[in-house]
Amino acid sequence: RNVYKKYKETYALKNINLDIMSSEFVFLTGSSGAGKSTLLRILSGFYAADCGEVILNGLNLDTNRLSVLQQIGYVQEISALYPEMKVYEFLCFVADIRQLPVETKISQIKTVIAALELTDVLNQKSETLSKGYKKRVELAAMLISEPAVLLLDEPTEGLDPNQKHALRQIIKQYAKTHMVIISTHTLEDVEALASRVLLLHKGNLEADSELKTFKK
């Protein structure tokens, strides 16, 4: 509601108002500098808005921060992995942060390893992984706790065609039962997955429509 964000004298976001339903698959698109990443960071609690509020299932992010963030998974464009940590070690670390019970933790880690095809790299340090595998590990880490809201910033950036296809299928499956919001300037991603498209331009929400309407 009425979200503004300003960097020095420039507004990155201006009076953003949105209602997103629980099972919607939403794409934020627009040119570089449009405000896409800034909006995702505000929705994730990584940035604070200068004005306005974020509400998830009736809870205000500012006044119920922990309860809201427990329902959100956020994968940044820039890798957030610890370089020296092995893949399996990192997944366990994230599960512990999310305070998953032991049985749930083991089960969920097995599930995401299989879904993201990580078996071959479990004992590798993150710094040795290709960009494609890093994306998979980060997504796996967020999916461990099955967050109600999954936020992804340029998830297919720098991946080869096969990696893009595999990642899109995983995200598409998750979006059937969860809210997924993706920031991308790649129209290929939008056309492959979108149910609703939000177009940002210089911090303004210029369009909010279904894909078929957006393409016209």
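Cut-offs used in this document
- Residues numbered from 1 in each chain as written.
- Predicted model: local features only at pLDDT ≥ 70, side-chain atom pairs only at ≥ 80, totals over all residues.
- Heavy atoms only, no water.
- Core = buried A, V, L, I, M, F, W, Y, C linked by side-chain atoms within 4.5 Å.
- Buried < 20%, exposed > 50% of the residue type's maximum accessible area, 1.4 Å probe, protein only.
- Helix = DSSP H or I, 4+ residues; strand = E, 2+ residues; numbered from the N terminus.
- Contact = heavy atoms within 4.5 Å.
- Expected span 1.5 Å × (residues − 1).
- Arc of directions from axis to C-beta.
- Phe/Tyr/Trp six-rings, centres within 6.5 Å; stacked < 30°, edge-to-face > 60°.
- Lys NZ or Arg CZ within 6 Å of the ring centre and 35° of its normal.
- Axes fitted to C-alpha atoms, helices over the stretch in contact; angles between N-to-C directions.
- Parallel < 35°, antiparallel > 145°, perpendicular 65-115°, else oblique.
- Nonpolar A, V, L, I, M, F, W, Y, C, P; charged D, E, K, R; others polar.

Participant: Could you clarify how one ought to interpret the nonpolar core in this entry?
Facilitator: Side chains of nonpolar character tend, in soluble globular proteins, to be buried together. Leu-139 and Val-180 are the most contacted members of the largest nonpolar core, which totals 42 residues. Mapped by element, the contributors of at least two residues to this core are strand 3 (25-29), helix 3 (87-97), helix 4 (102-115), helix 5 (131-143), strand 7 (149-153), helix 6 (161-174), strand 8 (179-183) and helix 7 (187-193). Beyond its immediate stretch of four places on either side in the chain, Leu-139 contacts Val-75, Leu-116, Leu-150, Leu-152, Leu-167, Ile-170 and Ile-171. One finds Val-26, Leu-39, Val-149 and Leu-151 within the second-largest nonpolar core, a separate group that totals 23 residues.

Participant: Help me out: how do you make sense of helix 4 in this one?
Facilitator: Structurally, the α-helix is built with 3.6 residues per turn, so residues lying three or four positions apart point the same way. Counted at 1.5 Å a residue, the expected span for helix 4 with its 14 residues is 20 Å, and the 20 Å between its end C-alpha atoms agrees. Along helix 4, the positions that sit buried rather than exposed are Lys-105, Gln-108, Ile-109, Val-112 and Ile-113. When helix 4 is viewed along its axis, its buried side chains cluster within an angular range of 135° and face the same direction. Exposed side chains of helix 4 directed beyond 90 degrees from the buried face belong to Glu-103, Lys-110 and Ala-114. Among the structural elements, helix 3 and helix 5 are those in contact with the buried residues of helix 4.

Participant: Looking at this structure, I do not really get the side chain of Gln-108. What am I missing?
Facilitator: Secondary-structure assignment places Gln-108 in helix 4. Relative accessible area serves as the criterion here: at 13%, Gln-108 is assigned to the buried category. Those residues within four positions of Gln-108 in sequence are excluded, and the remaining contacts are Leu-143, Ile-144 and Glu-146.

Participant: How should I be thinking about the packing of aromatic side chains in this particular structure?
Facilitator: Aromatic ring pairs are reported here in terms of the distance separating the ring centres and the angle at which the planes meet. Summed over all chains, the structure comprises 7 aromatic pairs. On the basis of an interplanar angle of 25° and a centroid distance of 5.2 Å, the ring pair of Phe-25 and Phe-27 is categorised as stacked. According to the relative accessible area criterion, Phe-25 is buried, its value standing at 5%. Seen in terms of ring centroids, Phe-46 and Tyr-47 are 5.6 Å apart; in terms of plane orientation they differ by 35°. Their pairing is tilted. Ring pairs connect the aromatic residues Tyr-7, Phe-46 and Tyr-47, which therefore count as one cluster. Between Lys-5 and the ring centre of Tyr-47, over which it is positioned, the NZ or CZ distance is 5.5 Å. In this structure, Arg-136 packs its charged tip against the face of Tyr-133, placed 4.6 Å from the ring centre.

Participant: Can you walk me through helix 6 in this structure?
Facilitator: Given a rise of 1.5 Å per residue, 14 residues ought to cover 20 Å, and the 20 Å separating the end C-alpha atoms of helix 6 matches this to within 8%. Buried residues of helix 6: Lys-164, Leu-167, Arg-168, Ile-170, Ile-171 and Tyr-174, and no others. For helix 6, the arc enclosing every buried residue in end-on projection is 165°, short of the 170-degree limit, so these residues lie on one face. Across from the buried face of helix 6, at angles greater than 90 degrees, the exposed residues are Pro-161 and Asn-162.

Participant: Just checking my understanding: could you explain the packing of helix 5 against helix 6 for this structure?
Facilitator: Packed helix pairs are characterised by how far apart their axes lie and by the angle those axes make with each other. Axis separation between helix 5 and helix 6 bottoms out at 11 Å; the angle between their running directions is 10°. What the angle tells us is that helix 5 and helix 6 run roughly parallel. Of helix 6, the residues touching helix 5 (which contributes Gly-132, Lys-135, Leu-139 and Leu-143) are Gln-163, Leu-167, Ile-170, Ile-171 and Tyr-174. Of the residues that constitute the contact of helix 5 with helix 6, the class distribution is 6 nonpolar, 2 polar and 1 charged.

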